[in-house]
Amino acid sequence: ESRTIILFESPARLPDTLAMILELWGNRHLSAAYNLTTPDERVEWTRVKTLLGRIRMTPVTGEITLVVAGQRRARRHANAPTARRGLSLRSRTSG
């Protein structure tokens, strides 16, 4: 997927969502915003693998907004599916 992707995620689903992003689109840059519009809001800029490792060690609370950078066409992840298949994160996390 070459476009920027915005996801709203709960703490319980965040590890699985990040693992799927890593599998589908590679170790992309992303912004993770926690508890937006509250006094303790926090935003960090990192990579998928780094954030996944951190939240497995120290789970987060509150709602999380992920802004995942689009992949540059010249450096597409070797295992990246087509855009239509790649956008099926919700169906893979349900259930």
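Above this text you will find the structure in question.
Residues numbered from 1 in each chain as written. Predicted model: local features only at pLDDT ≥ 70, side-chain atom pairs only at ≥ 80, totals over all residues. Heavy atoms only, no water.

So, the overall build of the protein chain
Where we set the bar: Helix and strand assignments follow DSSP, with helices taken as H or I runs no shorter than four residues and strands as E runs no shorter than two, numbered in order from the N terminus. A 1.4 Å probe rolled over the protein chains alone gives each residue an accessible area, and that area as a share of the maximum for its type sets the label: buried under 20%, exposed over 50%, partly exposed in between. Whether two residues are in contact is decided by their heavy atoms: any pair within 4.5 Å suffices.
The helix and strand inventory of the protein chain stands at 4 helices and 4 strands. Order of helices (α) and strands (β) in the protein chain, N terminus to C terminus: β-α-β-β-α-β-α-α. Every one of the 95 residues in the protein chain was classed for burial, and the buried ones make up 37%. Counted over contacts in the protein chain with a minimum sequence separation of 6, partners at least 24 positions apart contribute 71%.

Examining a nonpolar patch on the surface
Quick reminder of the rule: A residue counts toward a patch only above 30% relative accessible area and without a salt bridge, and it is joined to like-charged neighbours within 9 Å or, for Val, Leu, Ile, Met, Phe, Trp and Tyr, to nonpolar neighbours within 5 Å. Throughout, the Shrake-Rupley method with a 1.4 Å probe supplies accessible areas, and for residues the shown protein chains are the sole cover considered. By definition here, a salt bridge exists when the distance from a side-chain nitrogen of Lys or Arg to a carboxyl oxygen of Asp or Glu is within 4 Å.
Nonpolar side chains collect at one region of the surface, where Ile-6, Phe-8 and Val-67 lie side by side and expose about 300 Å² of accessible area between them. Relative to the helices and strands, Phe-8 is located in strand β1 (residues 5-9). The exposure class assigned to Phe-8 is exposed, which follows from its relative accessible area of 62%.

Looking at helix α1 (residues 14-25)
Put simply, the rule reads: To estimate how far a helix should reach, multiply one less than its number of residues by 1.5 Å. Starting at the helix axis, one direction is taken to each C-beta atom, and the arc is that of these directions.
Look at α1: 16 Å from first C-alpha to last across 12 residues, which is about the 16 Å you get at 1.5 Å a residue. Along α1, the residues classified as buried are Leu-14, Thr-17, Leu-18, Met-20, Ile-21, Leu-24 and Trp-25. Looking straight down α1, one finds that the buried residues subtend no more than 160° of arc, so they occupy a single side. Phi turns positive, to about 90°, at Gly-26, one or two residues after α1.

A short note on the environment of Tyr-34
To keep things clear, this is the line we draw: In protein, a polar contact requires one atom able to donate a hydrogen and another able to accept it; more generally it is a pair of N or O atoms within 3.5 Å, and residues adjacent in sequence count only if both atoms are side-chain atoms.
If you trace the backbone, Tyr-34 turns up in strand β2 (residues 29-34). For Tyr-34, a relative accessible area of 3% corresponds to the buried category. Put simply, Tyr-34 and Pro-11 are 23 residues apart on the chain and 9.8 Å apart in space, counted from C-alpha to C-alpha. Within the structure, the side chain of Tyr-34 is placed 2.7 Å from the side chain of Glu-44, a separation counted as a polar contact.

All quantities given are derived from atomic positions and should not be read as evidence of function.
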